[in-house]
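Structure assessment
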Amino acid sequence: MKGKSDTVPSQENRQGIDDRHQKIVSVLAAHKVALWEYDIRTGVCSFDEDYFRILGLTEAGVEFSDIDDFYRFAHPDDVSNYREAFGRMLASDTKNACIRVRCVGNKGQVIWLEDNFFSYQSDEEGRPQKLVAYTGNITARCEGEARIRALEERNRKVIEALPEFIFIMDDRFFITDVLMASGTVLLHPVEELIGADGRTIYSAEVSDLFVRNIRECLADGKIREIEYPLDVESGRHYFQARIAPYEKNKVLALIHDIGDRVRWSKELIEAKARAEESDRMKSVFLATMSHEIRTPLNAIVGFSELIAAGDCGEEQEEYQEIIRSNSNLLLQLVNDILDLSRIESGKSENHFQPVEVTGLLDEVGKVHSLKMTAGVELKIVAPSRPVWILTDRNRLTQVLFNFLSNAIKNTQHGCITLGAVQRDGWLDLFVSDTGCGMPENKMPLIFNRFEKLNDFVQGTGLGLSICQSIAERLGGYIDVQSQLGVGSTFSFCLPYRADAELEVAELQQPVAASVQKHPDRKRKVILVAEDVEANYRLLAALLKKEYTLRWVTNGREALHSFVRERPDLILMDIKMPEMNGIEATERIRSISPDIPIIAVTAHAYYTDKEQALAAGCNAIVSKPYAIADLKQAIEKWINPVPESAVS
């Protein structure tokens, strides 16, 4: 009896065991954990009445007696996974496993369960006979994890949608993480950025700006915005950072590229400055034009009234010369304005052709030799051999005319030199003088419109501005060297093509190589190149009693008629179809340097006199012309006075 009483627990011990078991169950129940057993040999499950209550299955209408019965309530997507995991556990040696599964209640509610299996009661061979499992209701945890995953997915999509990227920085200005959409290209590799000290990426000034705003943001919890530049090998970039508190000593910095906005802002500022400058130039233009137009008009009107009154006597010729010079000044002003307008509107066309430089310099020099001030010598320094360049002859001549006109105005003694110098790939056509020169600080201003360094010298202040525009359109530039009291040198530098002379044959092609001279005629022959019949009829009515007229309607016919007829003089209209008068004159001049050519034109957009003279015309008569002026010009050039008679 004694031995039996030692092996059988007393009533008191059983009560103690039950109390401890109840305490354990209560503790587990408080954590929504329940125990059950599984007999490996028979497959029988043991669920006590508290199992379903503790796990919340009773309220959901879920109750089962064994594993196969349990599968009726398992979520369809979890059944196969649970079967496989349970089978692997039974086949293993340890018989330990942790399996998650979802149960679906009678109202569709989902309850997450987690079964943790352990083996016990091994047989004589040490093989486990039973499994004990504690099952926990982990619905709250799984739902929390699902919410976290949903938040992570939402954040990922937000980051993917952002055009910007995010730096996570601490208060020491270290970059702890970089968040950005896939495919985003940064100026630095991400692996170099994460963990880097911001001071190694940004300049000292930008780093101080970041550190100050990060610490202020962490101190008061308010968002900060800063803008800063970042210099890398590819150039300067501009960014905006929106800094917000993140966690403890860290902030989120939303980085946005504002390079386009900065460029637009600069463009707007520049556009505003240009608009203001345009408005200022308009006022300057009106004021200058008022002065420049009224000045010659005052002389023209005043002296015209004196001549009309008939009280000028011997001074009439002087008054007429004053009227003539002021009329020319007024015409030059109008021509400059029209020329500038054509250049700026893009309607000024360049006509490139081979130009022989030595001959051009001689022609320009002859035109200006008569304009030289007494005591000033004009020198021409031309290349020793013919030099051809491909350019616009008229525009080139216009620039040289302007250089020489300025030199003549500002040179009272010494000499003016017109020349050309070759250098690598360039040809420099220059005008050098011994005039008053310019101070160094004034030289950058001379190409400004209406800029006149000497207000007592005639001119509009537009010439050099026009010359600069012409030089740029011809692919060259203007160089200026000057010393106050010593003189100035203006150079027109043009690209030089050594093979330009190869195109000269094309210019000569339409013209016969030899031209037969006519014997002396009783009446002089005038070739009239005029495309408007009414204009030719007017000329015929004026001239047919004294001269024999030949009429053609375009420049090409004028060229061929000159070769056939060999007239004594040509009246050349400038604006004609097929070939204009300027080109026809240039081609005729390549054959004969002596034939007198008088340009007759109403073309207001060209600087007529300079264009025509540069092409080779001896004189120009503007439409509508005075009959006396026309006949005087014809008489002068068709019957030239010998130089011996002049002397």
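Everything numeric here is computed off the predicted structure, so don't read it as measured data.

**Some details on the overall build of the chain**
Within the chain, the secondary structure is distributed over 20 helices and 22 strands. Relative to its 647 residues, the chain shows a buried fraction of 40%. Put simply, the chain shows about 37100 Å² of open surface, and 52% of that area lies on carbon and sulfur atoms.

**Some details on the pairing of strand 22 (residues 619-622)**
Burial of strand 22 is one-sided: the residues A619 and V621 facing one way are buried, the residues I620 and S622 facing the other way are not. In the sheet, strand 21 (residues 597-601) pairs with strand 22 via four bridges, with the strands oriented parallel. Among the inter-strand pairings, V600 is bridged to a residue of strand 22, identified as V621.

**Focus on empty space enclosed by the protein**
Summed over all chains, the structure comprises three cavities of 30 Å³ or more. Roughly 60 Å³ of volume is contained in the largest cavity. Lining the largest cavity are W36, F47, Y51, F64, I67, F70, Y82 and D115. Taken together, the residues of the lining of the largest cavity break down into seven nonpolar, no polar and one charged.

**Some remarks on the pattern of salt bridges**
Close approach of charged atoms lets side chains of opposite charge pair. Tallied over the full model, the rule gives 22 salt bridges. Between R102 and D78 there is a salt bridge, with the nearest N and O atoms lying 2.8 Å from each other. Of this pair, R102 sits in strand 3 (residues 97-104) while D78 sits in helix 5 (residues 76-91), placing them 24 residues apart in sequence. The network of salt bridges with common partners includes R100, E114, R141 and E145.

**Quick word on the packing of helix 12 (residues 393-410) against helix 13 (residues 463-473)**
Viewed as axis vectors pointing N to C, helix 12 and helix 13 meet at an angle of 150°, and their least axial separation amounts to 10 Å. Comparing the axis directions of helix 12 and helix 13 gives the class roughly antiparallel. For the crossing formed where helix 12 meets helix 13, the hand is left-handed. Facing R395, Q398, V399, N402, F403 and N406 of helix 12, the residues of helix 13 in contact are G463, L464, I466, C467 and I470. In terms of residue class, the contact of helix 12 with helix 13 is made up of six nonpolar, four polar and one charged.

**Topic: the sheet that holds strand 20 (residues 569-573)**
Pairing is parallel across the open sheet formed by five strands, whose spatial order is 19-18-20-21-22. Each of the sheet's edge strands pairs with one partner strand only, and the pair in question is strand 19 (548-552) and strand 22. Across this sheet, the average inter-strand angle for adjacent strands is 20°, counted without regard to direction. Here strand 20 pairs with strand 21 via four bridges, running parallel.

**Describing the nonpolar core**
Core analysis: the biggest nonpolar cluster contains 39 residues, and F403 and L429 have the highest contact counts within it. Of all elements in the fold, only helix 11 (357-369), helix 12, strand 14 (414-423), strand 15 (426-433), helix 13, strand 16 (477-483) and strand 17 (487-495) reach the threshold of two or more residues within this core. A total of eight residues in this core trace back to one element, the largest contributor, which is helix 12. Leaving out residues up to four positions away in the same chain, L429 has contacts with V357, L361, L396, L400, G419, A420, F490, S491, F492 and L494. Grouped together as the second largest cluster of nonpolar side chains are 31 residues, A34, L55, F73 and A74 included.

**What about the sheet that holds strand 1 (residues 33-39)?**
Across the sheet, which stays open at both edges, the five strands sit in the order 2-1-5-4-3 with antiparallel pairing between neighbours. Looking along the sheet, the strands with just one partner apiece sit at the ends: strand 2 (45-47) and strand 3. The mean angle between the axes of side-by-side strands here comes to 30°, regardless of whether they run parallel or antiparallel. Bridge count for strand 3 against strand 4 (residues 110-122) is eight bridges, and the pairing is antiparallel. The residue bridging R100 from the neighbouring strand is E114, located in strand 4. Against the sheet, helix 5 touches strand 1, strand 3, strand 4 and strand 5 (128-137), its axis set at about 155° to strand 3.

**As for the confidence of the model for the chain**
Per-residue confidence for the chain averages 80 on the pLDDT scale, and 82% of its residues sit at or above 70. Of the regions scoring below 50 in pLDDT, residues 500-520 engages in 28 contacts with residues more than four places distant in sequence or in other chains.

**A short note on unusual backbone geometry**
One non-glycine residue with positive phi stands out, namely K248, at about 45°. By secondary structure assignment, the location of K248 is in the loop between strand 9 (235-247) and strand 10 (250-257). Overall, the relative accessible area of 87% leaves K248 in the exposed class. If you check the backbone angles, E578 has positive phi at about 65° while not being a glycine. Here E578 shows up in the loop between strand 20 and helix 17 (581-591). Taking relative accessible area as the criterion, E578 reaches 64% and is therefore assigned exposed.

**Quick look at the side chain of S592**
The topology assignment puts S592 in the loop between helix 17 and strand 21. Overall, the relative accessible area of 3% leaves S592 in the buried class. Separated by 3.3 Å, the side chain of S592 and the backbone nitrogen of I595 make a polar contact. For S592, the residues in contact, after removing those within four places along its chain, are F562 and R566.

**Some remarks on the packing of aromatic side chains**
Counting across every chain of the model gives 27 aromatic pairs. Measuring from ring centre to ring centre gives 5.0 Å for W36 and F47, while their planes differ by 25°; the resulting arrangement is stacked. Placement of the pair is W36 in strand 1 and F47 in strand 2, with a sequence separation of 11 residues. Measuring from centroid to centroid gives 6.2 Å for Y82 and F86, while their planes differ by 10°, and the two rings are stacked. Taken as a pair, Y82 and F86 lie in helix 5 at a separation of four residues, close to a single helical turn. Per residue, the accessibility class of Y82 equals that of F86, and both read buried. A connected cluster of aromatic rings, assembled from ring pairs, spans W36, Y38, F47, Y51, F52, F64, F70, Y71, F73, Y82, F86 and F117. One residue, R172, lies across the ring of F174, its end atom 4.6 Å from the ring centre.

Rules and cut-offs
- Residues numbered from 1 in each chain as written.
- Predicted model: local features only at pLDDT ≥ 70, side-chain atom pairs only at ≥ 80, totals over all residues.
- Heavy atoms only, no water.
- Helix = DSSP H or I, 4+ residues; strand = E, 2+ residues; numbered from the N terminus.
- Buried < 20%, exposed > 50% of the residue type's maximum accessible area, 1.4 Å probe, protein only.
- Areas by Shrake-Rupley, 256 points an atom, 1.4 Å probe, with all protein chains shown as cover.
- Pairing = 2+ DSSP bridges.
- 1 Å grid on protein atoms, 1.4 Å probe; cavity = no way out; pocket = protein on both sides within 12 Å on 5 of 7 lines; lining within 4 Å.
- Points joined across faces, edges and corners; volume = space filled by probe spheres on them.
- Nonpolar A, V, L, I, M, F, W, Y, C, P; charged D, E, K, R; others polar.
- Salt bridge = Lys/Arg side-chain N within 4 Å of Asp/Glu carboxyl O.
- Axes fitted to C-alpha atoms, helices over the stretch in contact; angles between N-to-C directions.
- Parallel < 35°, antiparallel > 145°, perpendicular 65-115°, else oblique.
- Left-handed = near helix turned anticlockwise from the far one by under 90°.
- Contact = heavy atoms within 4.5 Å.
- Core = buried A, V, L, I, M, F, W, Y, C linked by side-chain atoms within 4.5 Å.
- pLDDT = per-residue confidence, 0-100.
- Polar contact = N/O pair within 3.5 Å; in protein donor to acceptor, adjacent residues only side chain to side chain.
- Phe/Tyr/Trp six-rings, centres within 6.5 Å; stacked < 30°, edge-to-face > 60°.
- Lys NZ or Arg CZ within 6 Å of the ring centre and 35° of its normal.

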